[in-house]
Amino acid sequence: MSASDSYPLVEIFESLQGEGRNTGRPCVFVRFAGCNLACPWCDTDSAEKFKLTLEELVGEITSFRAKSVVFTGGEPTTIAGMAELVAALKEKGYYLAVETNGLKSPDWLAFVDYVACSPKAEFASLYDEADALREADEVRVVASSESVVEFCRSIAKKISATDYYVSPCDRGGEIDFATAKSVLAALEGWSLSVQLHKILGFR
Ligand code: SF4
């Protein structure tokens, strides 16, 4: 990435991590634009709103109080220049986490502190590709239907992680706990990750 290139972004804001093992941690969320999937229930706006250079982006992140950063999207692993961004923030002592759908495993992931992978059952066969992620800190699967049980079992064999979570599916504000509970009853070693920000109404 050259100095004149820039990062495609949707938003940057400070909040608390709302799901997974880091729930409650104050973080700066950097939402990158663009995704390499099109999940039918996706509620994330990943259309590009603005661009920042590396220097501008680091300046924006350091203007917040939190010393943890979550790279999210869209899909951060599709973004050019992430190795440079990770290096710049590690030099400043930041704790870095990334949220990814797990279809790609770029080298810079080895330098972040926490990888949360949310593989998508609707695209199960793509997780056999050579490029797919094989290791993460946590894996979170959205219980979009009862049939994700088989997907959870197969993805646990493909992606090694410390924690495996099932998240209830949110369809336009309707949070489906019933399917998540039923999926969890059929799995061993998986637990519920609630989306606290949706329940408590914070961003
Ligand atoms: S991977 Fe995430 S951002 Fe991309 S389409 Fe699916 S839910 Fe939306």
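Above this note sits the structure.
These numbers come from a predicted model, not from an experiment. (Residues numbered from 1 in each chain as written. Predicted model: local features only at pLDDT ≥ 70, side-chain atom pairs only at ≥ 80, totals over all residues. Heavy atoms only, no water.)

Looking at the side chain of E19
Here is the rule: Put simply, DSSP marks the helices as runs of H or I at least four residues long and the strands as runs of E at least two long, and each gets a number from the N terminus on. Working rule for contacts: check all heavy atoms of both residues, and any pair within 4.5 Å makes them a contact.
In this fold, E19 is placed in the loop between β1 (7–16) and β2 (26–32). The residues touching E19, leaving out its near neighbours within four places in the chain, are R140, S167, S193, V194, Q195 and H197.

Some words on the pattern of salt bridges
Applicable threshold: When a carboxyl oxygen of Asp or Glu lies within 4 Å of a side-chain nitrogen of Lys or Arg, that pair is called a salt bridge. Only protein chains enter the area calculation, which uses a 1.4 Å probe; residues under 20% of their type maximum are buried, those over 50% are exposed, and those in between are partly exposed.
Under the defined criterion, the tally for this structure stands at 12 salt bridges. A salt bridge links R171 to D176; its shortest N-O distance comes to 3.5 Å. Owing to a relative accessible area of 42%, R171 belongs among the partly exposed residues under this scheme. Taking the relative accessible area as the measure of exposure, D176 reaches 17% and is therefore buried. One continuous salt-bridge network, built from bridges that share partners, spans E19, E99, E138 and R140.

Regarding the side chain of E99
Operational definition: Whenever two N or O atoms come within 3.5 Å, that pair is a polar contact, provided that in protein one can donate a hydrogen and the other can accept it, and provided that, for residues adjacent in sequence, both atoms are side-chain atoms.
Considering the arrangement of structural elements, one finds E99 in strand β5 (residues 95–100). Within the local environment of E99, its side chain forms a polar contact with the side chain of Q17, the two groups lying 3.3 Å apart. In contact with E99, other than residues within four places in its own chain, are Q17, V70, F71, T72, E75, P76, A116 and R140.

Some remarks on the nonpolar core
Our working rule: For our purposes a nonpolar core is just a set of buried Ala, Val, Leu, Ile, Met, Phe, Trp, Tyr and Cys residues, chained together by side-chain atoms within 4.5 Å.
If you look at the biggest cluster of nonpolar residues, it comprises 49 residues, and the most contacted ones within it are V30, F32, L57, F71, L85, V166 and W190. Looking at which element gives the most residues to this core, the answer is helix α3 (residues 148–158), with 5 residues. In this view, V166 contacts V141, A143, C152, A180, V183, L184, L187, W190, S191, L192 and S193; residues no more than four positions away in its chain are not counted. The next biggest cluster of nonpolar side chains, apart from the first, holds 7 residues, and it includes F13, C27, F29 and A97.

Points about the site of the ligand
Quick reminder of the rule: Proximity is defined per residue: any heavy atom of the residue falling within 4 Å of a molecule or strand makes that residue near it. Following the grouping adopted for this structure description, the nonpolar residues are Ala, Val, Leu, Ile, Met, Phe, Trp, Tyr, Cys and Pro, the charged ones are Asp, Glu, Lys and Arg, and the polar ones are all others, Gly among them.
Lining the immediate environment of the ligand, one finds C35, L37, A38, C39, W41, C42, G74, N101 and K120. Its residues assigned to classes, the shell around the ligand shows 6 nonpolar, 2 polar and 1 charged.

Considerations on the pairing of strand β6 (residues 114–117)
What counts here: Here, any two strands with at least 2 DSSP bridges between them count as paired.
Both faces of β6 are covered, namely the face carrying Y114 and A116 and the face carrying V115 and C117. Both β5 and β6 contribute to a ladder of 4 bridges, which runs parallel. Each bridged residue has a counterpart across the sheet, and for A97 the counterpart in β6 is Y114. Here β6 runs beside strand β7 (residues 138–143); their pairing, made up of 2 bridges, is parallel. Looking across to β7, one finds that A116 is bridged to E138.

Quick look at unusual backbone geometry
Cis peptide bonds are those with omega within 30 degrees of zero, and the linkage from G73 to G74 qualifies with 15°. Mapped onto the elements, G74 comes out in the loop between β4 (68–72) and α2 (82–91).

Thoughts on α3
Convention followed: In this description, one arc is meant: the one made by directions from the helix axis to the C-beta atoms.
Residues of α3 that are buried: V148, V149, F151, C152 and I155. Looking straight down α3, one finds that the buried residues subtend no more than 155° of arc, so they occupy a single side. Residues of α3 that are exposed and angled more than 90 degrees away from the buried face: E150 and K157. The elements touched by buried residues of α3 are β7, β8 (163–171), α4 (177–185) and β10 (190–192).

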